[in-house]
Amino acid sequence: MSTSGSTTLMDTADELSSLLQRRVPEMTFYSPYSFLRNINPETLCRETFIEPLLQSVYPGKATVSAVTTNGQKTYIVWKALPWDSEHFHRRVFRIELVTSDHDNAEAISVALKSFLVKFTERGDYLFITVPCEDLPVLHALSYAGFRMVETRLNYFFPGFIAVEDVKAPVRMAGEEDIPVLREIAMRKRNRFDRVHADPAFTDKEADNYLGTFAAQCVRGFADIVMVPDIPGVKPFGFLAANNPEKIMGVNIAKLVLAAVDNREYRGWLSDLLLGVMYELKKKNTDVLTTITQASNRPAIHVWENAGFVLGFVNHVYSYSAK
C-alpha cells in the first residue's frame, strides 16, 4: 500500500520518526517496560519502543502507511506474520502502531477504514495491541469495525532475591514430551486468550494453534519448558519461559505459555512457576514478566500469590476482512 501524492515511503518513515519524537511525553505508556519506575519514562519510551519500531520500519521489515483526512494525518505501522499466515492458511498481519498528529478519533477511524479498503483482501486477518490509556485510538478502532477480543493484564515479578529452590519434582521438557504437551495445550484451552476469544477462529483452529505453539516451545521458541517429574506419570502440564534479556541495565525474562491438567494433581502451576523462577534466578534474572487476561481469575490468583505485581493494561483488537 502506498501513500498518497508524491510522498515516498522513506519520506513517510521520516515524518513518523519526527512525530514520535515530538509525542514522547504523551506516549510513555507504549513502552513494554513502563513498570520500571526507577528509569525516566521518556527515556524508556524512546529506547524500548520508538527506536525498536523505527529500526523495524527503516529496513522495510514493517511498513508505514499514512492517510490524510481533512488535513489531519494518521500513520499506520504494520507487518506480515509469515508463521501465523502459513499456520492459519490466510494472510495474518500485526499492526504495530496507529498514531497521528491529532487526537480526533473520528479522523483516525476514517484513516483506518481507508487503509483497510486499500490494503486488505478477502480472508485477511489483522490484530493490534493498544495501551488502555490511548483512548482516541481505541475509540477509532471500534468505529472502523475492529472488535476487542482480549484485555491483557501485564504483570511483573521483581523479587528474585527471595526465590528458593523448588521442592516439587520438576524437569526440563524434551522432544519426547512434545505429543503429550501438545495434547494438554489443546485440551486445556484458555477461552479468554486472543485466538480462542476471537470469532475469526473456530475452537478447533485455536486449539491447534496453541498445540502447535506448545510443540514449538520445546523445539526452541522458548528457552525453558518446565514439566512435572513424577516417576511413572506422563507430564500433565508445562510452563514455558524465555531467558533474561538486558533492558536498560535490567535483566528481564518473560513467561511464554502455560497449560496444566489439574484433574488429578492440583496446584502444579504454582510448582512449575517456582521451578522456572529458580532456573531464571540462576541466570541472574532481575524481573520476570507475564501476561494474562482480565477474565482469567485462576491465573491472576497464581501470579499474585507468587508476588507478581500489575504493571499495565492493554487491549487486543482484531479485524477480519470479508
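Notes on the structure in this doc start here. (Residues numbered from 1 in each chain as written. Predicted model: local features only at pLDDT ≥ 70, side-chain atom pairs only at ≥ 80, totals over all residues. Heavy atoms only, no water.)

Thoughts on the sheet that holds strand β1 (residues 63-69)
Read across the sheet, eleven strands follow the order β1-β2-β3-β4-β11-β5-β10-β9-β8-β7-β6 without closing on themselves; strand pairing throughout is mixed. Edge positions in the sheet fall to β1 and β6 (170-172), since each of these pairs with one other strand and no more. If you compare each strand with its neighbour and ignore which way they point, the axes differ by 30° on average. When strand β5 (residues 147-157) meets strand β10 (residues 287-293), the two strands line up antiparallel, connected through six bridges. The residue of β10 that forms the bridge with Y155 is T290. Running over the sheet, helix α1 (residues 9-23) touches β1, β2 (72-80) and β3 (92-100) and is turned about 55° from β3. (Pairing = 2+ DSSP bridges. Helix = DSSP H or I, 4+ residues; strand = E, 2+ residues; numbered from the N terminus. Axes fitted to C-alpha atoms, helices over the stretch in contact; angles between N-to-C directions. Contact = heavy atoms within 4.5 Å.)

Observations regarding the pairing of strand β4 (residues 125-131)
Of all the seven residues making up β4, six are buried; the element is thus mostly covered by neighbouring parts of the structure. Sheet topology note: the β3/β4 ladder contains four bridges and is parallel. Considered in β4, the bridge of V92 is made with Y125. Traced from β3 through helix α4 (residues 105-119) to β4, the parallel crossover comes out right-handed. When β4 meets strand β11 (residues 309-320), the two strands line up antiparallel, connected through seven bridges. The residue bridging F127 from the neighbouring strand is S318, located in β11. (Buried < 20%, exposed > 50% of the residue type's maximum accessible area, 1.4 Å probe, protein only. Right-handed = clockwise from strand over helix to strand, strands pointing away.)

Let's talk about empty space enclosed by the protein
Enumeration over the complete set of coordinates arrives at one cavity of 30 Å³ or more. Here the largest cavity is characterised by a volume of approximately 60 Å³. If you go around the largest cavity, the residues you meet are R23, M27, Y30, V98, T99, S100, H102, D103, I108, D134, P136 and V137. Counting only elements with at least two residues in the lining of the largest cavity, the list comes to β3 and α5 (135-143). At three residues, the largest contribution of residues to the lining of the largest cavity is made by β3. (1 Å grid on protein atoms, 1.4 Å probe; cavity = no way out; pocket = protein on both sides within 12 Å on 5 of 7 lines; lining within 4 Å. Points joined across faces, edges and corners; volume = space filled by probe spheres on them.)

Concerning the nonpolar core
Within soluble globular proteins, side chains that are nonpolar generally end up buried alongside one another. I95, L112 and F146 are the most contacted members of the largest nonpolar core, which has 41 residues in total. Ignoring any residue separated from it by four or fewer positions in sequence, one finds I95 in contact with I76, V77, W78, F115, L126, F127, I128 and F146. (Core = buried A, V, L, I, M, F, W, Y, C linked by side-chain atoms within 4.5 Å.)

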